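# Observations on the three-dimensional arrangement
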Amino acid sequence: MSRLTRHRVKRETPDVDVTTFLNLMVVLIPFLLVTAVFSRITIFELDLPTAAGGQVVDRPVVTIEVMVRKSRLEIGDGSKVVVSIPSAGGQYDLAKLSEALQNLKNTYKDKKDVTVLVEPDIDYQDVIHVMDAVRVAEIKQPDGQEVKKIPLFPEISIGAAP
C-alpha cells in the first residue's frame, strides 16, 4: 500500500522563472531598434572591365579612363593621358575634373561609360567622391541657389590603376 501512495501523491510543477529573459528583451529590443535606424547602405552598380572582344564597330571606340592617383587625377583616352589635375593639400579638385569631363561629354555625346582606375592606398571616400563627379555634374544657376544636375557618364567600371 505504501507503494501506491507514493505514486498518487500530487507533486506541484515548478514555476519557470522568465524574469531574466524578459529583462534581456527589455534591454535588447530598444538597442536593436535604435541602431537599425542609423545603418543605411547605398549600392553602386559597377561593371568590371572585361578582356573579351565584342562586336566589330565601324568607327573607333573611345575609352575614357579616370585615374585616381595619390598626387593627382588623370583623364586618359586608353593610350595616353589627356588631362592631369594635381591635388592641392591632399584634396582632389573635383570641380576641374567635372569641367574636363563635361568637355569630353560635349565631344562624345553618345558615350555613357567610363572606367575609374584607382591606385592602392587611396581613401575610400575620395574614390566615392570621384565616382559621384564622374556620374553627374552639378552646375549652379546664376541665382546661386538652385543646382542643376547633368548626367555625364552613369555607367562606371572600376579597376586598378596601372
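Everything that follows concerns the structure shown earlier in this document.
Residues numbered from 1 in each chain as written. Predicted model: local features only at pLDDT ≥ 70, side-chain atom pairs only at ≥ 80, totals over all residues. Heavy atoms only, no water.

## Considerations on a nonpolar patch on the surface
Heads up, the rule is: Patches in this entry comprise residues that are over 30% relatively accessible and not in a salt bridge; like charges within 9 Å are linked, as are nonpolar side chains (Val, Leu, Ile, Met, Phe, Trp, Tyr) within 5 Å. In these tables, accessible area is a Shrake-Rupley quantity obtained with a 1.4 Å probe, and a residue counts as shielded only by the protein chains included in the view. The term salt bridge refers to a side-chain nitrogen of Lys or Arg lying within 4 Å of a carboxyl oxygen of Asp or Glu. Helix numbers and strand numbers start at the N terminus; a helix is a DSSP run of H or I with at least 4 residues, a strand a run of E with at least 2. Throughout, exposure labels follow a simple rule: accessible area from a 1.4 Å probe, protein chains only, divided by the maximum for the residue type, with under 20% read as buried, over 50% as exposed, and the rest as partly exposed.
On the surface, Val16, Val18, Phe21, Leu22, Leu24, Leu28, Phe31 and Leu32 cluster together to form a nonpolar patch covering roughly 780 Å² of accessible area. Examined against the element boundaries, Leu28 turns out to sit in helix 2 (residues 19-38). We classify Leu28 as partly exposed; its relative accessible area is 34%.

## Section: the packing of helix 3 (residues 94-107) against helix 4 (residues 124-135)
This is how the line gets drawn: Only the stretch in contact is used when a helix axis is fitted, and all axes are lines through C-alpha atoms; the angle between N-to-C directions ranges over 0 to 180 degrees. An angle counts as roughly parallel when it lies under 35 degrees, as roughly antiparallel when it exceeds 145, as roughly perpendicular when it falls between 65 and 115, and as oblique in every other case. Should the near helix be turned anticlockwise from the far one by less than a right angle, the crossing is termed left-handed; should it be turned clockwise, right-handed. In what follows, a contact means two residues having at least one pair of non-hydrogen atoms within 4.5 Å. Only Asp, Glu, Lys and Arg are considered charged in this grouping, and only Ala, Val, Leu, Ile, Met, Phe, Trp, Tyr, Cys and Pro are considered nonpolar; every other residue, Gly among them, is considered polar.
At a minimum axis separation of 9 Å, helix 3 and helix 4 run at an interaxial angle of 30°. Classed by the angle they form, the pair helix 3 and helix 4 counts as roughly parallel. The two elements helix 3 and helix 4 meet at a crossing, and its hand is right-handed. Side by side, helix 3 and helix 4 meet where Leu94, Leu97 and Leu101 of the first sit next to His129, Val130, Ala133 and Val134 of the second. Of the residues contributing to the contact of helix 3 with helix 4, the split by class is six nonpolar, one polar and no charged.

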